[in-house]
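Commentary on secondary and tertiary structure
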Amino acid sequence: VIKALFVLARYEACLEEIDRYEIIIEQLGVARFRQIAFTFGGGAMHALGRSSEAIAWLERGLEFARATGHGLHGPSIASALAVIVDDPERKRGLIELALSQCAAGCVGHNQFRVYADGIDVAFDLPDKAMLVDFIEAAESYPSGERVPWNVFHAARGRALLEDMEH
């Protein structure tokens, strides 16, 4: 539900649902699933113009993922934070952390988010080589499939690359 509300740009409702979600997580005893709340809650806060709150929330999420294992949503938390922070070195470090966590092994939905966020980070830096790498990663994931999400983000990345070159 949290992700659906986020994707539908119902950010306030997303944040309200997180409160209910965390109660359920507590009742079920599946703490690591809180990583999902960190990912989409941080994105919702940022979309609502509450960037400093989003940064603090996502930083807590990174610490939580380190403690509970990054495999569920750790890379997505790191890449979401990379998009929001202003410091170029921190931005680069966070997106590299997200990539290294993907390479170390994680649930496959992370790559979709990390590659899309990586396109934004590379454009913001600006880093043409990094942008090309993320476009190619989006185009080739998952291997042997054309997934509309990645087709869209790769095309978006190519448009940003064209803008960067002119």
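All values reported here derive from a predicted model rather than from experimental measurement.

So, the overall build of the chain
Across its full length, the chain carries 9 helices and 0 strands. Reading the helices (α) and strands (β) of the chain from amino to carboxyl end gives α-α-α-α-α-α-α-α-α. Along the first, second and third principal axes, the C-alpha atoms of the chain reach 50 × 35 × 30 Å. Taking all 166 residues of the chain together, the buried fraction comes to 45%.

Things to note about the nonpolar core
Formed by 49 residues in total, the largest nonpolar core has its most connected members in Cys14, Ile18, Ile95, Val114, Met130, Leu131 and Phe134. Sequence-distant contacts of Leu131, that is, excluding residues within four places in its chain, are made with Ile119, Ala122, Gly157, Leu160, Leu161 and Met164.

Re helix α5 (residues 74-84)
Burial of α5 is extensive: 10 of the 11 residues sit out of reach of the surface. The complete set of buried residues in α5 reads Gly74, Pro75, Ser76, Ile77, Ala78, Ser79, Ala80, Leu81, Ala82 and Ile84. Buried residues in α5 make contact with α3 (34-47), α4 (51-68), α6 (88-104) and α7 (109-124).

Focus on the side chain of Gln35
Structurally, Gln35 can be placed in helix α3. Relative accessible area serves as the criterion here: at 0%, Gln35 is assigned to the buried category. Side chain to side chain, Gln35 and Thr68 meet in a polar contact 2.9 Å long. At 3.2 Å, the side chain of Gln35 forms a polar contact with the backbone nitrogen of Gly74. When sequence neighbours within four positions are dropped, the list of residues in contact with Gln35 reads Phe64, Ala65, Thr68, Gly69, His70, Leu72, His73, Gly74 and Ile77.

What to know about the packing of aromatic side chains
Throughout the structure, instances matching the rule amount to 7 aromatic pairs. For the ring pair Phe6 and Tyr11, a centre distance of 5.6 Å and an interplane angle of 65° mean the geometry is edge-to-face. Ring centres 5.7 Å apart and planes at 45° place the aromatic pair Phe38 and Phe64 in the tilted group. In this pair, Phe38 sits in helix α3 while Phe64 sits in helix α4, placing the two residues 26 residues apart along the sequence.

Some thoughts on the pattern of salt bridges
Using the criterion set out here, one finds 11 salt bridges in the structure. One salt bridge in this structure joins Arg90 and Glu59, with 3.0 Å as the shortest N-O distance. Placement of the pair is Arg90 in helix α6 and Glu59 in helix α4, with a sequence separation of 31 residues.

Some words on unusual backbone geometry
Note the cis peptide between Leu125 and Pro126, where omega equals -25°. Relative to the elements of secondary structure, Pro126 occurs in the loop between α7 and α8 (128-140). Residue Tyr141 is joined to Pro142 through a cis peptide bond whose omega torsion reads -10°. Along the chain, Pro142 falls in the loop between α8 and α9 (148-165).

Observations regarding the state of the cysteines
This model, assessed by the stated rule, comprises 0 disulfides. The thiol of Cys102 is not disulfide-bonded; the next cysteine sulfur, from Cys106, is found 4.0 Å away.

Side note on the packing of α3 against α5
It is at 9 Å that the axes of α3 and α5 come closest, and there the two elements cross at 15°. By the angle class used here, α3 and α5 are roughly parallel. α3 and α5 meet at a crossing whose hand is left-handed. Contact residues: Gln35, Phe38, Thr39, Gly42 and His46 in α3; Gly74, Ser76, Ile77 and Ile84 in α5.

Reading the values: rules and limits
Residues numbered from 1 in each chain as written. Predicted model: local features only at pLDDT ≥ 70, side-chain atom pairs only at ≥ 80, totals over all residues. Heavy atoms only, no water. Helix = DSSP H or I, 4+ residues; strand = E, 2+ residues; numbered from the N terminus. Buried < 20%, exposed > 50% of the residue type's maximum accessible area, 1.4 Å probe, protein only. Core = buried A, V, L, I, M, F, W, Y, C linked by side-chain atoms within 4.5 Å. Contact = heavy atoms within 4.5 Å. Polar contact = N/O pair within 3.5 Å; in protein donor to acceptor, adjacent residues only side chain to side chain. Phe/Tyr/Trp six-rings, centres within 6.5 Å; stacked < 30°, edge-to-face > 60°. Salt bridge = Lys/Arg side-chain N within 4 Å of Asp/Glu carboxyl O. Disulfide = S-S within 2.5 Å. Axes fitted to C-alpha atoms, helices over the stretch in contact; angles between N-to-C directions. Parallel < 35°, antiparallel > 145°, perpendicular 65-115°, else oblique. Left-handed = near helix turned anticlockwise from the far one by under 90°.

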